[in-house]
Amino acid sequence: MTAAAPILVADRLSKRYGAVQAMQGVSFELAAGEVLGLVGDNGAGKSTLVNTIAGALRPDSGRILLDGVEHDFGDASHAREAGIETVFQQLALIPTLDIAANIFLNRERYRFGAIGRWLRWLDVAGMRRETIEGLARLGLRLPSPETNTGLLSGGQRQTVAIARAVFWGRRVVIMDEPAAALGVEQTEFVLSFIERLKGENIGVILVSHNMQHILRVADRICVMRLGRKVFDGPRSEVDGQRLVSLITGAEPASTAAAG
């Protein structure tokens, strides 16, 4: 059986800031329904890599292909239009808005077509109905979509941010430290959600300093060090001790990182 083509290909991406080579010749592939764990110490180049894929940065060289089509993202909005959504640590939720309004933030539905859009007649009931349907499809249990996000727990707010990305990120969702600063129960809620996303045919890039989270949910792990990829292989090939060795440089770059 022929393996399915990857939905995302990063091909020899490089980025320099003056004398600092932040990212050098980094390549990887991401399949539909796959969780790729991206790890590395501070300054390893993880943020540069994910910001490039998210459209927030333009690489100096290299290519990004989505479903086999090369893209030159001018900014993050172009990446979102192509189907790549990012959940940053700051979440970008508005606490005074309800869950549905945050899900549809900058993608609001209006009543009565163009006239309703011009008059700003929001289809509040429709957005809440779609939110209920979407959360049910994802197997999520959250309070009523009319609930202000400021009243939610940290784990619930993180889940709303991820759910919004999944609603609109048709192909790829990037998650930057999604369980940072969460309690045990809230973290479990978020990690379980990430595991369920594998059935949504969406590719996930998970950035985290927590090795146990990566080892639990990732199908494949990519390790970066000093701007280079030093390992890229299935989860079964590494444990916590080896990850630390790759991150710190105690173990040299793996042949699996070639390309």
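One structure accompanies this document, and this report is about it.

Scoring rules and cut-offs
Residues numbered from 1 in each chain as written. Predicted model: local features only at pLDDT ≥ 70, side-chain atom pairs only at ≥ 80, totals over all residues. Heavy atoms only, no water. Helix = DSSP H or I, 4+ residues; strand = E, 2+ residues; numbered from the N terminus. Buried < 20%, exposed > 50% of the residue type's maximum accessible area, 1.4 Å probe, protein only. Salt bridge = Lys/Arg side-chain N within 4 Å of Asp/Glu carboxyl O. Core = buried A, V, L, I, M, F, W, Y, C linked by side-chain atoms within 4.5 Å. Pairing = 2+ DSSP bridges. Patch = residues over 30% accessible without salt bridge, like charges linked within 9 Å, V, L, I, M, F, W, Y side chains within 5 Å. Areas by Shrake-Rupley, 256 points an atom, 1.4 Å probe, with all protein chains shown as cover. Axes fitted to C-alpha atoms, helices over the stretch in contact; angles between N-to-C directions. Expected span 1.5 Å × (residues − 1). Contact = heavy atoms within 4.5 Å. Arc of directions from axis to C-beta.

Now for unusual backbone geometry. If a residue is not glycine, its phi is most likely negative; likewise, a peptide bond is most likely trans. At Arg12, a position not held by glycine, the phi torsion is positive, near 55°. The topology assignment puts Arg12 in strand β1 (residues 8-17). According to the relative accessible area criterion, Arg12 is exposed, its value standing at 54%. Of note in this structure, Leu226 is not a glycine but carries a positive phi near 55°. With respect to the helices, strands and loops of the structure, Leu226 is situated in the loop between β9 (220-225) and β10 (228-234). A residue is classified by how much of its surface remains accessible, and Leu226, at 62% relative accessible area, is exposed.

Counted according to the given criterion, the structure contains 17 salt bridges. Between Arg12 and Asp11 there is a salt bridge, with its nearest N and O atoms 3.0 Å apart. On the basis of relative accessible area, Asp11 is assigned to the buried category, the value being 13%. Here Arg216 ties to Glu195 by a salt bridge, and the two come within 3.1 Å at their closest N and O atoms. Taken together, the residues span a long stretch of sequence, with Arg216 in helix α8 (residues 211-217) and Glu195 in helix α7 (residues 184-196) at a distance of 21 residues. Accessibility expressed as a relative area gives 33% for Arg216, which makes it partly exposed. Overlapping salt bridges, with partners in common, bring together Asp11, Arg12, Arg63 and Glu70 in one network.

With 47 residues, the main nonpolar core has Ile221 and Val223 as its most contacted residues. Sort the elements by how many residues they give to this core and helix α6 (residues 154-168) lands first, with eight residues. Leu13, Met23, Leu36 and Ile64 belong to the second largest nonpolar core, which has 27 residues in total.

What follows deals with the pairing of β9. Burial within β9 is extensive, with five of its six residues counted as buried. The sheet contact formed by strand β3 (residues 35-39) and β9 spans four bridges and is parallel. Counterpart to Gly37 in the pairing with β9 is Ile221. One ladder, built from six bridges, connects β9 with β10; its direction is antiparallel. Directly across from Cys222, in β10, lies its bridge partner Asp232. Connecting the antiparallel pair β9 and β10 is a turn made up of two residues, with Leu226 showing a positive phi of about 55°.

Another point: a nonpolar patch on the surface. Taken together, the side chains of Phe112, Ile115, Trp118, Leu119 and Trp121 define a hydrophobic patch exposed on the protein surface, amounting to about 620 Å² of accessible area. Its place among the elements puts Trp118 in helix α4 (residues 113-119).

The sheet built from four strands is open, its strands ordered β2-β1-β4-β5 with antiparallel pairing. Strand pairing shows two members of the sheet lacking a second neighbour, β2 (20-30) and β5 (69-71), which therefore form its edges. Within the sheet, the average angular offset between the axes of one strand and its neighbour, ignoring direction, is 30°. Where strand β4 (residues 61-66) lies against β5, three bridges are found, and the strand directions are antiparallel. In the sheet register, Leu66 faces β5, and the bridge partner there is Val69.

Turning our eyes to something else, we now look at α6. Taking 1.5 Å per residue as the helical rise, α6 with its 15 residues ought to reach 21 Å, and the 22 Å between its terminal C-alpha atoms agrees with that figure. The buried fraction of α6 is high, at 13 of 15 residues.

All right, on to the pairing of β2 then. As paired elements, β1 and β2 share seven bridges and run antiparallel to each other. Paired with Val9 across the two strands is Glu29, which belongs to β2. Taking the residues that link successive antiparallel strands as the turn, the β1-β2 hairpin has two residues, and the phi of Gly18 there is positive, at about 60°.

Right, let's get into the environment of Arg128. Inspection of the secondary structure puts Arg128 in helix α5 (residues 124-137). Beyond its immediate sequence surroundings of up to four residues, Arg128 is in contact with Asp98, Ala100, Pro145 and Glu146.

Here we take up helix α9 (residues 240-248). Of all the residues in α9, the buried ones are Leu243, Leu246 and Ile247. In a view along the axis of α9, the buried residues occupy a sector of 100°, so they form one face of it. Looking at the buried residues of α9, the elements they touch are β3, α8, β9 and β10. Just past α9, the residue Gly249 takes up positive phi, approximately 90°.

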